Amino acid sequence: MSAVDRTRPITIVGAGIGGLTAALELAGCGFSVEIFERAAQVQEVGAGLQLSPNALRVLDGLGLMDALLVHGTRAREVTLRRAFSGRRIASVPVVASDGTPYVSIHRADLQTVLLGAVERSPAITLRLGASLESLAPKRGGLDLWFADGGTRYKHHTGLVVGADGVHSSIARRLGLAAATPAGAIAWRGCVAQPTGVASSPGVEAWLGPRRHAVAYPISGGRETNLVLIEPMNRTSEADPAGLPRRFRSWDRQLRSMIAAAGDMTGWPLYVVRPDRPWRHIDDRLILIGDAAHAMLPYAAQGAGMAIEDAAVLAAALARAPTQGAALAHYESERKPRIARVRRRVLFHRMIYHLPAPFSFGRNTALAIRSPESLGKDLDWLYDWRPPAVSRDVGGD
Ligand SMILES: Cc1cc2nc3c(=O)[nH]c(=O)nc-3n(C[C@H](O)[C@H](O)[C@H](O)COP(=O)(O)OP(=O)(O)OC[C@H]3O[C@@H](n4cnc5c(N)ncnc54)[C@H](O)[C@@H]3O)c2cc1C
């Protein structure tokens, strides 16, 4: 395989958090980029997102921290509460040791900040309403076919970054296993704060048998984002109106938020199998973000991992002698980290959802530990730093 080709643009499929961040990182490393997005407009569905210090360091490196902090709210800790009484079990500090914050933000605000930076970059072209239909190896690269309304057109490229999400159509075209239902559903909703009263900063999580709930401020504290996780079965899928009943014995504060949120939107949760490969077609195609490794949101790291992927991939392509070496390096850096985050997610699922009497043991074990020692458990996650790259080689 030859050296990384800087004469033609790198193609990104998908303008979600991963695709937009990858475009900015690649442009910063001197590559030109074309992004193809099937939606006619770049818009985030869903409500809030927690961005931990590991992800924010990447966005800070792109010069976006100030813009993010205009919309986001800094959290100092995640407070774990008992499901039924709402009593505090423990608080886990989340600010990194170097002071990098932990921020809760509306997804649309993050998307707007990323999109603004993409539109300002002369190295990036964004094609909206372009849905990938098929792909095939051709002349040392790949031919991609896109549908734009009634029009179908071909695009030739030397490298495709597949950032098209958990139900990746690229993965489907490659014949990879589809994402697997995780047997759980996330209900998402927003609660408006009374005028002049900002939602208190920080992340609150209620832990109960087979269910948990998370709430945090978005939109500069004018709203609270509420997420309820429960087992997925036919009843829960069909019945958002039954949420007040299913959470009827939970903490009063949580119940009043559920009532105020009105109809919540259900997101059945899916995971991508850890053994699904990321590099394809003689290293002409690489998967990132949810398309590569969608995981349960119980450690609030899916978007964070997509953002980290973007930084590592761009640095690898900037430095490695060949495209194949770059993608091999990307994979060797990312796979162990993703595996470790997945293990943490499963650990959270296990301890969050413990029934009595095991939950009493959990609560006691957490309560006797100092916040500092609980925070240290996550140093490996939050202290991650993106690779240092020279950003003076081109881009905007
Ligand atoms: C309930 C819930 C809560 C979460 N909370 C957090 C959190 O607090 N913190 C966190 O870090 N993560 C969180 N996540 C995970 C996070 O939302 C995802 O990991 C992240 O959005 C993945 O980004 P992505 O860019 O890989 O994919 P996506 O955001 O899904 O973007 C994929 C893009 O590809 C486009 N696309 C798809 N198919 C095609 C095609 N054929 N042609 C062209 N374009 C296409 C789509 O339109 C979309 O724009 C949460 C997830 C859930 C479900």
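Look a little higher up for the structure.
Residues numbered from 1 in each chain as written. Predicted model: local features only at pLDDT ≥ 70, side-chain atom pairs only at ≥ 80, totals over all residues. Heavy atoms only, no water.

Undergrad: In this structure, what is going on with the nonpolar core? I would like to understand it.
TA: Among the nonpolar cores identified, the biggest contains 107 residues, and Ile-12, Ile-35, Leu-51, Leu-59, Leu-80, Leu-110 and Leu-317 are the most heavily contacted of them. The dominant element in this core, judged by the number of residues it contributes, is helix α10 (residues 302–319), at 10 residues. Leaving out residues up to four positions away in the same chain, Ile-35 has contacts with Ile-12, Gly-14, Ala-15, Leu-20, Ala-23, Val-118, Ile-124, Thr-125, Leu-126 and Arg-127. The next biggest cluster of nonpolar side chains, apart from the first, holds 17 residues, and it includes Ile-185, Trp-206, Met-257 and Ile-258. (Core = buried A, V, L, I, M, F, W, Y, C linked by side-chain atoms within 4.5 Å. Buried < 20%, exposed > 50% of the residue type's maximum accessible area, 1.4 Å probe, protein only. Helix = DSSP H or I, 4+ residues; strand = E, 2+ residues; numbered from the N terminus. Contact = heavy atoms within 4.5 Å.)

Undergrad: How should I be thinking about helix α2 (residues 53–61) in this particular structure?
TA: Count 3.6 residues to each turn of an α-helix, and residues three or four apart come out pointing the same way. Across the 9 residues that make up α2, a large majority, 7, are buried. Burial in α2 covers these residues: Pro-53, Asn-54, Ala-55, Leu-56, Arg-57, Val-58 and Leu-59. Trailing α2 by a residue or two, Gly-63 shows a phi angle of about 80°, which is positive.

Undergrad: Looking at this structure, how should I read the pattern of salt bridges?
TA: A side chain of one charge can pair with a side chain of the opposite charge when the charged atoms of the two come close. Applying the stated criterion to the full structure yields 21 salt bridges. One salt bridge connects Asp-239 with Arg-245, and the closest N-O pair in it is separated by 3.3 Å. Through salt bridges with shared partners, a single network forms among Arg-211, Glu-230, Asp-239, Arg-245 and Arg-246. (Salt bridge = Lys/Arg side-chain N within 4 Å of Asp/Glu carboxyl O.)

Undergrad: Even after reading the chapter, I still don't get unusual backbone geometry, so can you show me in this structure?
TA: For residues other than glycine, phi is negative in most cases, and the peptide bonds are mostly trans. Note that the residue after Ala-356, namely Pro-357, is joined by a cis bond; omega there is 5°. With respect to the helices and strands, the residue Pro-357 is situated in the loop between α11 (323–352) and α12 (358–367). In the Ramachandran plot, Arg-139 falls in the positive-phi region, its phi being about 40° despite a non-glycine side chain. For Arg-139, the location among the structural elements is in the loop between β9 (131–138) and β10 (141–148). Of note, the phi angle at Ile-281 is positive, near 50°, even though the residue is not glycine. Position of Ile-281 relative to the elements: it lies in the loop between β18 (279–280) and β19 (285–287).

Undergrad: Honestly, the environment of Pro-321 in this entry has me stumped. Any pointers?
TA: Residue position: Pro-321 is located in the loop between α10 and α11. Owing to a relative accessible area of 62%, Pro-321 belongs among the exposed residues under this scheme.

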